[in-house]
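Examining the three-dimensional arrangement
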Amino acid sequence: MKSANKEFNKLEILTSKHGFEKVNYKEKADIYVLNTCSVTENADKECRQLVRRIQKLSPESFVVITGCYAQLKPEEIAKIPGVNMVLGANEKFKLLEEVEANLEKETQVVKHESIKHALTFNPSFSAGDRIRSFLKIQDGCDYFCTFCTIPLARGKSRNASIESTIKEAKKLVDTPVREVVLTGVNIGDFGQGGDENFFQLIQELDTLEGIDRFRISSIEPNLLSNEIIDFCLSKSKRFMPHFHIPLQSGSDRILKLMRRKYERSVFQDRVAQIKRLNPTCCIGVDVIVGFPGETDE
């Protein structure tokens, strides 16, 4: 069995219970699982290229396609020669059961339901032989930026409770993991305006003994509050001085066309606050170049 995404790293544990053995990425396998992205056209093209490569390496293998591309365009994927199974966003969590039930069938299986039915979320983490683990605390997004397909592929923003998230994080304490990266689609939206929020979550995680370092993967500038910045840089024992903040454009006009929820000044204020507290803090940025309507200036 072959997996091509961090979200499926836990398969190594599960597959052994089902009689499967995980093999190296480039080894010949009986079953291949491609967990796809679909943020860019290149991701879709890469999926088709990988299926063709699998056909050359192991023409008799059973090929499963899941992930965002499978949720958005299941019929398109089903037309790719060599694809045996297509599983949508909800169905991928029953991957092993679906493979076992359909492995011997000659007919193609396509299981996909509306993303509106993706309402639940369970926190999870990547596992392997490294000292860093990715803890998924949230999924989905309620922002409909004009350049992004994620709300259509992943559904509404949702998360488990802080208690459940901490319980999952505690499972990493007795492993070789020393650093945990908080991931999701829009992690700053944790709680969605309810009784719990992202700031409360990181405060709780900071008290977790046994994990040396926590890192925030990416957070929207309008959701990166001064209290989060102050906590991570001045009060936290475990959160790293590192923020990845998607800018996308430095033009307010373009940001409006993108339907981003902030203006350039918000991003500038966040960076200034970070540098005031810690001039050496690392700041990562995402920028989109060539957005429709953008001028050379």
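The coordinates are above.
Residues numbered from 1 in each chain as written. Predicted model: local features only at pLDDT ≥ 70, side-chain atom pairs only at ≥ 80, totals over all residues. Heavy atoms only, no water.

Some details on helix α8 (residues 198–205)
Note the cut-off: A simple rule labels every residue: compare its accessible area, found with a 1.4 Å probe on the protein chains alone, to the largest value its type can have, and call it buried under 20%, exposed over 50%, or partly exposed in between. Runs of H or I in DSSP of at least four residues are treated as helices and runs of E of at least two as strands, each being numbered from the N terminus. Arc definition: directions from the helix axis to the C-beta atoms. Whether two residues are in contact is decided by their heavy atoms: any pair within 4.5 Å suffices. Any N or O atom pair separated by 3.5 Å or less is treated as a polar contact, with the protein-specific requirement of one donor-capable and one acceptor-capable atom, and with residues adjacent in sequence counted only for side-chain atom pairs.
For α8, the full list of buried residues reads F198, F199, L201, I202 and L205. Buried positions in α8, seen along its axis, are confined to an arc of 160° and lie on one side of it. Buried residues in α8 make contact with α7 (162–170), β8 (179–183), β9 (213–216) and α9 (226–235). The N-cap of α8, judged by a side-chain oxygen 3.1 Å from the amide nitrogen of F199 a few residues on, is N197.

Topic: the side chain of N186
Locating N186 in the fold gives a position in the loop between β8 and α8. With residues up to four places along the chain from it excluded, the contact list for N186 reads Q138, G140, C141, Y143, E220 and L223.

Here we look at the sheet that holds strand β6 (residues 124–125)
Selection criterion: Here, a strand pair is defined by DSSP locating no fewer than two bridges between the strands.
The strand order across the open sheet built from four strands is β6-β7-β8-β9, with neighbouring strands paired in mixed fashion. Each edge of the open sheet is held by one strand with a lone partner, namely β6 and β9. Here strand β7 (residues 132–136) runs beside β8; their pairing, made up of five bridges, is parallel. Pairing of S133 across the sheet is with V180, part of β8.

Some words on the side chain of S249
Position of S249 relative to the elements: it lies in the loop between β10 (242–248) and α10 (252–257). A polar side-chain atom of S249 sits 3.1 Å from the main-chain amide nitrogen of S251. When neighbours within four sequence positions are excluded, S249 is seen to be in contact with I254, L255 and M258.

Comments concerning the pairing of β9
Heads up, the rule is: Crossover handedness is defined here as right-handed if the route from the first strand over the helix to the second strand goes clockwise, with the strands pointing away from the viewer.
When β8 meets β9, the two strands line up parallel, connected through four bridges. Residue pairing across strands places L182 opposite I216, the latter belonging to β9. Of the crossover connections in this fold, the one passing from β8 over α8 to the parallel β9 is right-handed.

Considering the packing of α9 against helix α11 (residues 264–277)
Cut-off, in case you're wondering: Note on method: axes are straight lines fitted to C-alpha atoms, helices fitted across the in-contact stretch only, with angles between N-to-C directions ranging 0 to 180 degrees. We call two directions roughly parallel when the angle between them is under 35 degrees, roughly antiparallel when it is over 145, roughly perpendicular when it lies between 65 and 115, and oblique otherwise. Helix crossings get a hand from a simple test, with the near helix turned counterclockwise from the far one by less than a right angle marking a left-handed crossing and a clockwise turn marking a right-handed one. Residues are grouped as follows: nonpolar covers Ala, Val, Leu, Ile, Met, Phe, Trp, Tyr, Cys and Pro; charged covers Asp, Glu, Lys and Arg; every other residue, Gly included, is treated as polar.
Where α9 meets α11, the axes come as close as 10 Å, and the angle between the chain directions of the two elements is 25°. In this view, α9 runs roughly parallel relative to α11, as classed from their interaxial angle. The two elements α9 and α11 meet at a crossing, and its hand is right-handed. Facing N226, I229, D230, L233 and S234 of α9, the residues of α11 in contact are R270, Q273, I274 and L277. Tallied by class, residues from the contact of α9 with α11 come to four nonpolar, three polar and two charged.

Describing the nonpolar core
Rules: Put simply, a nonpolar core is a bunch of buried Ala, Val, Leu, Ile, Met, Phe, Trp, Tyr and Cys residues held in one set by side-chain atoms that sit within 4.5 Å of each other.
Judged by nonpolar contacts, the single largest core of 39 residues is most densely connected at L182, F198, I202, I216, I228, F239 and F243. Looking at this core, the elements that each hand over two or more residues are α7, β8, α8, β9, α9, β10 and α11. When residues no more than four places from it in sequence are discounted, the contact partners of I228 are F198, F199, I202, I216, I219 and L223.

So, helix α5 (residues 95–102)
All of the buried residues in α5 are L95, L96, E98, V99 and N102. Seen from one end, α5 has its buried residues packed into an arc of 165°, which puts them on one side.

So, unusual backbone geometry
Residues other than glycine seldom take positive phi values, yet Q248 does so here, at roughly 70°. Examined against the element boundaries, Q248 turns out to sit in strand β10. Judged by its relative accessible area of 9%, Q248 falls in the buried class. Backbone geometry at R259 places phi at a positive 65°, although glycine is not the residue there. When its relative accessible area of 56% is taken as the criterion, R259 is described as exposed.

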